[in-house]
Amino acid sequence: MIAGPSTPIGTAQAGERALPGPVVLGLGAAALAVVAVAGLMLGASTVSATGVVSALTAFDGSAEDVTVVDVRLPRVVVAAVVGASLGVAGALMQAITRNPLAEPSLLGVSWGAALAAVGAQVVAGIGTAAALVPVAIGGAAIAGLLIVVLAASGRAGLTPERLIVAGAAVSGLLAALVQGLLVLDSESLEVARRWLAGSLTGASWNALGAAAPYLAAGTVLSAGLVRPLSALALGDDVARGLGVRTGLVKGAAAVAVVALAGGSVALAGPILLVGLAVPHAARVLVGRDLAPLLMACAVLGAVLLIVSDIVARIAVAPEELPVGVMTALVGAPVLLHIARRGVTSA
Amino acid sequence: MIGLLVAAATALAIGACGEDDTTSTQPQGDTQPRRVAHAMGTSQITGTPERVVVLDTGELDSAVALGVKPVGAVEPIAAAGFPAYLGETVKDAKIVGTIEQPNIEAIAALKPDLILSSKLRHEAIYDQLSRIAPTVFTEEVGVTWKKNFALHGRALGKADEARRLQTEYETKADDLGKELGAKRARTAVSVVRSVGDEVRIYEKANFLGTILEDVGLPRPPAQDNAEFTSTATDERIPALDGDVMFLSRFGDDHRLLGRLQKNRLWSQLGVVRAKRVYEVPDELWFLGIGNLAARRILDGLRTILVKGQRLPGDDGNPAAA
Amino acid sequence: MISGLRLRLLPAPAPGAARTPLVLVATSLVGTAAFIVTLGLGEVSVAPIDVVRALFGQADADGAFVVTELRLPRALVACCVGAGLAAAGVVLQGLTRNALAAPELVGVSAGAHAAAVVVIVLLPDLPISALPACAFAGALATSGLVYGLSWRRGTSGSRLLLVGISVTTVGYAVVLGVVSTVEDLIHASQLVTFMAGSIYGRGWSEFGAAAPWLAVLLPLVALSIRELDALALGDPVARGLGVRVEAARLRLLVLAAGLAGSAVAVAGPVGFVGLMSPHIARRLVGGAHGPLLATSVLIGATIMLLSDALARLAFAPIDIPVGVVTAIVGAPYLLWLLVRGRTNPE
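Rules and cut-offs
- Residues numbered from 1 in each chain as written.
- Chains lettered and ligands numbered in written order.
- Predicted model: local features only at pLDDT ≥ 70, side-chain atom pairs only at ≥ 80, totals over all residues.
- Helix = DSSP H or I, 4+ residues; strand = E, 2+ residues; numbered from the N terminus.
- Buried ≥ 20, exposed ≤ 12 C-beta atoms within 10 Å, placed from the backbone.
- Contact = placed C-beta atoms within 7 Å.
- Pairing = 2+ DSSP bridges.
- Axes fitted to C-alpha atoms, helices over the stretch in contact; angles between N-to-C directions.
- Nonpolar A, V, L, I, M, F, W, Y, C, P; charged D, E, K, R; others polar.
- pLDDT = per-residue confidence, 0-100.
- Parallel < 35°, antiparallel > 145°, perpendicular 65-115°, else oblique.
- Left-handed = near helix turned anticlockwise from the far one by under 90°.

Draft legend 1. Focus on the overall build of chain C. A count of helices and strands for chain C gives 14 helices and 0 strands. Beginning at the N terminus, the succession of helices and strands in chain C can be written as α-α-α-α-α-α-α-α-α-α-α-α-α-α. With 346 residues in all, chain C has 62% of them scored as buried. The contacts of chain C with a sequence gap of at least 6 include a subset with a gap of at least 24, amounting to 76%.

Following this line, the structure appears as structure tokens:
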């Protein structure tokens, strides 16, 4: 097998799908509903399932209802949205780089967004969600560009390993800079926890509203790119033969990734490894066909993050763990598994 | 020789207990070298130190309370400056870093003759500091402020003055308690502090907690624990309730507090409905951690609880950022 | 498996060897100059000649106190950390035949860091002299894991890196999780600074904790030079030369864990020094491990001295963590290597 891209990601291969797409998606949606309700039930105090339902349908201003609706509901929704966005972003990155290891936090995209956001807060005192979102997206864009340019330079070109090395170097640098800024401006540990591993405390409708346009744009763009990306998975030459403008498609996919990852980081900080674990699991469940894959990534990402957040909230109550700690503990074995099987066999 | 050893041992034993009245045998404003026992051992101090460097806000308060102008002090966080309530006395003190990271070279450059801090904060750099000058460390900060003040007094050669000021504080607290009388039973005090993006509930084992206890003011059930602080989250808003709330802010960007205040549960709190949320100056009520701040806080408590007035800077609108 | 990023090393041919004495002298001089100059920099400027006088015990020299009591122990700690990390890098790169095997990239530093943090939190009264042993144990655990998981039928450079990144991510998550549960806010923020790699306030006790480890381990590595040279030629050749390959690798791994462990115990996970030093040294003296080790150690110490000076002075009176400085210097260096294809010496 020659150097470079491996078995393409995204092509449907006969007999590879474990379960029919609609079945998996149905199951996924059910799982999502279950964990979402669990997220509303569990916390500093446990609310019964009927209590949750009554809070949502017949709100009566009691402490329990306010907890469910004002505190936990936005948090669960943001978790779902961020998880879905990161899952899809990971799948997109893996499709355009043809590398099963590409994902926002490993390749420094999340850290670029985090650095921009922390920098804006520490240096310029910008703190509102509305202002931080475009800043984070800008950071994500710059970091992503940097990595691609660097990994693609030189005679060897953009191979999976070079991409990972570039990603490790850039992530390491950006993470160190984030840590440096946090040390210089260390008022509270909450800020540090958020920006070192991601945290969903403080999830609010305001912030979600500020990030929503970008996340929506990224999602719409991804949906529109399904067919060209599937063609691209067959190889650049084949795709061109099919009339696909490969450069444009890759560029558009990169824009979608930046919007999704940047918006997610603005909401919750640089959550680790979600974009790696989720596409991997989704691929096992629905195969490589890109349309069901992206949908499965969205659903699985949402489920993963809601569950991680529940654990983060109750594991060491009344303290909270950063949600990124949970996702790292889930994502690292996936990374390990991929590493052991070999990078070039996705 | 044996006599010296016995004297040293006695001093150590007594110093370790931190009792004030045991030092009454020492002459006032002593000028001969004395050994002061503290959390990291014993230090030999001669006379009344004049070039004092303090590495925390409690030590700064002690110095100013005892009439000593420190030559160097740390800021709570970078670029924050010294607490304003300390006034002109600290105007000329050189900033030698932050509480978290004092700049050891800057301290050395001042050629101090005494350095004050605590084991809790700066144990790791004790060795280096003690090479620069006699360094006296208290064990902890905050809840142990009275013991700390006595130790600072001994280190600064003003043990008697420290005792006098402490008695003044105690009398004042007693008097305030008596003035409030039976009203105290209906004045459960909730203490809430927003530190950047965190909101903390201050329970009983902290500086302000001891002052409230000295005045005889009860705490609401959720805060009636011998703990330092607990974290307030969106789900714990009911724990913030009381008959009176003292609310304070440190740093910038109080996003969590803003969010909590917009929460419906906040407006349902008894203390909010009764409009008894009082904003208090953070640098005095939380950073002061010393005898001077304690006496001023008693004044503030009097203004709020006896005279029923708000402190300057409190416009009665806690939701304003 | 041949890939765009070929990670097999061969010792460079003879020309490097002839330069060795010259290079050693030059790097020693540069290192010594760096030592003396940085000892003179700070709140109080001390002229180099006065620094030398102070070091030779002339207490009346200007700024003698600051030089000998405050800066000297910190500079010595910097040298120990730099030397330890550089030596660990040399050993790891030699035993894996992988140009990117630095302690922080293959999980060794992460294990040391996680172990150190857990011990600091659970046993706060443990003296600093015991910490390197704990860090060593952690480093050993993770290196064993990485070694076991990536050693399948010979080396695979990318697999090693990926397994290393996985383990490092888990270590990072463990540290963040532990820091989040620390109730004492003061200690928690000290741990966050430690995470970034810092030698603020390090003095004679830290030097006394790390130096014995170096004093024992560096000679042991020196004794293994022949084995490292043999391993570099490939397993069959090494066996032919009479080296017991598996035993040698295991022993070298233990040495690397000890070296990195002592450095991390004292300074936290300082990045890029263990990567850059062997690389720079190799370009100067070639791949023969004798000169390589000596030169790397000198370069590592020099890099740490200069980085720490920058860390102390850039934002005086505030110290920034030295790990941030090494990242700012090291990451571009790694990326430059990538761009120039220098991770592929053939």
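Draft legend 2. Structural view of the overall build of chain A. Counting secondary structure elements, chain A contains 13 helices and 0 strands. Traced from its N-terminal end to its C-terminal end, chain A shows the element sequence α-α-α-α-α-α-α-α-α-α-α-α-α. Counting only residues that meet the buried cut, chain A has 61% of its 346 residues in that class. At a minimum sequence separation of 6, the contacts of chain A that also span at least 24 residues come to 78%.

Draft legend 3. Highlighting the environment of B:Ala222. All names here are of chain B. Inspection of the secondary structure assignment puts alanine 222 in the loop between helix 8 (207-215) and strand 10 (229-231). Judged by local crowding, alanine 222 falls into the partly exposed class, with 17 C-beta atoms found within 10 Å. Put simply, alanine 222 and glycine 242 are 20 residues apart on the chain and 9.2 Å apart in space, counted from C-alpha to C-alpha.

Draft legend 4. Inspection of the sheet that holds strand 9 (residues 198-202) of chain B at higher detail. All names here are of chain B. The 5 strands lie next to each other as 10-9-8-11-12, forming an open sheet whose pairing is mixed. The outermost strands of the open sheet, each flanked by one partner alone, are strand 10 and strand 12 (277-279). The mean angle between the axes of side-by-side strands here comes to 30°, regardless of whether they run parallel or antiparallel. Relative to strand 11 (residues 244-250), strand 8 (residues 189-195) runs parallel, the two being bridged by 7 bridges. Within the sheet, the bridge partner assigned to serine 194 lies in strand 11 and is arginine 249.

Draft legend 5. Structural view of the interface of chain C and chain A. Every contact between the two is made by 44 residues of chain C and, on the other side, 49 residues of chain A. Elements represented by at least two residues in the side of chain C that touches chain A include exactly helix 6 (157-181), helix 7 (185-195) and helix 14 (322-339) of chain C. Taken together, the residues of the side of chain C that touches chain A break down into 29 nonpolar, 13 polar and 2 charged.

Draft legend 6. Spatial organisation of the confidence of the model for chain A. When pLDDT is averaged across chain A, the result is 83; 90% of the residues are at 70 or more. Every residue in residues 1-15 of chain A is under pLDDT 50, and counting partners more than four places away or in other chains gives 39 contacts.

Draft legend 7. Structural context of the sheet that holds strand 4 (residues 72-75) of chain B. All names here are of chain B. A sheet is described by the order of its strands in space; here 5 strands give the open sequence 5-4-3-6-7, paired in parallel fashion. Looking at strand neighbours, the two that pair on one side only are strand 5 (94-98) and strand 7 (135-138), the edges of this open sheet. On average, adjacent strands in this sheet sit at an angle of 20° to one another, irrespective of strand direction. As judged from the 2 bridges shared by strand 3 (residues 52-54) and strand 4, these two strands associate in the parallel manner. Within strand 4, the position partnered with valine 54 by the bridge is alanine 73. Across the sheet, helix 2 (residues 57-65) is in contact with strand 3, strand 4 and strand 6 (114-118); its angle to strand 3 comes to roughly 145°. Against the sheet, helix 6 (residues 145-156) touches strand 3, strand 6 and strand 7, its axis set at about 170° to strand 7.

Draft legend 8. Main features of unusual backbone geometry. All names here are of chain B. Phi is positive for lysine 275, which is not a glycine, with a value near 55°. Its place among the elements puts lysine 275 in the loop between helix 11 (270-273) and strand 12. Within the chain, isoleucine 289 stands out as a residue other than glycine whose phi angle is a positive 45°. By the secondary structure assignment, isoleucine 289 is in the loop between helix 12 (282-285) and helix 13 (291-306).

Draft legend 9. How the structure looks around the interface of chain B and chain A. Facing 23 residues of chain B, the contacting portion of chain A comprises 21 residues. With 3 residues, helix 9 (residues 255-262) of chain B is the single largest residue contributor to the side of chain B that touches chain A.

Draft legend 10. Region of the structure containing the packing of helix 3 (residues 63-97) of chain A against helix 12 (residues 290-314) of chain A. Residues and elements named next belong to chain A. Across the interface, helix 3 lies against helix 12 with an axial gap of 7 Å and an inter-helix angle of 140°. Between helix 3 and helix 12, the angle is such that the two are oblique. Crossing of helix 3 against helix 12: the hand is right-handed. Its residues assigned to classes, the contact of helix 3 with helix 12 comprises 19 nonpolar, 4 polar and 2 charged.

Draft legend 11. Looking closely at the packing of helix 8 (residues 204-223) of chain C against helix 11 (residues 245-267) of chain C. Residue and element names in this part refer to chain C. In contact at an axis separation of 9 Å, helix 8 and helix 11 are set at 165° when each is read in the N-to-C sense. One element, helix 8, and the other, helix 11, form an angle in the roughly antiparallel class. Of the two elements, helix 8 crosses helix 11, and the hand of that crossing is left-handed. Residues Glu206, Ala209, Ala210, Trp213, Leu214, Leu217, Leu220 and Val221 of helix 8 pack against Leu255, Gly258, Leu259, Ser262, Ala263, Ala265 and Val266 of helix 11. Split by residue class, the contact of helix 8 with helix 11 holds 12 nonpolar, 2 polar and 1 charged.

Draft legend 12. The environment of A:Val109, seen in detail. Residues and elements named next belong to chain A. Looking at the secondary structure, you find valine 109 in helix 4 (residues 109-124). On the neighbour-count criterion, valine 109 (36 C-beta atoms within 10 Å) is buried. When the C-alpha positions of valine 109 and alanine 36 are compared, they lie 28 Å apart, and in sequence the two are 73 residues distant. In this structure valine 109 touches Pro104, Ala140, Ala143, Gly144, Val257 and Ala261, once residues within four positions along its chain are discounted.

Draft legend 13. Main features of the pairing of strand 6 of chain B. Residue and element names in this part refer to chain B. Here strand 6 lies mainly inside the structure; 5 of its 5 residues are buried. Where strand 6 lies against strand 7, 4 bridges are found, and the strand directions are parallel. Looking at strand 7, one finds that serine 117 is bridged to phenylalanine 137.

Draft legend 14. Broad picture of the confidence of the model for chain C. Confidence along chain C averages 85 in pLDDT terms, with 90% of residues attaining 70 or more. Ignoring residues within four places in sequence, the model shows residues 1-14 of chain C, a span with pLDDT below 50, making 46 contacts including any to other chains.

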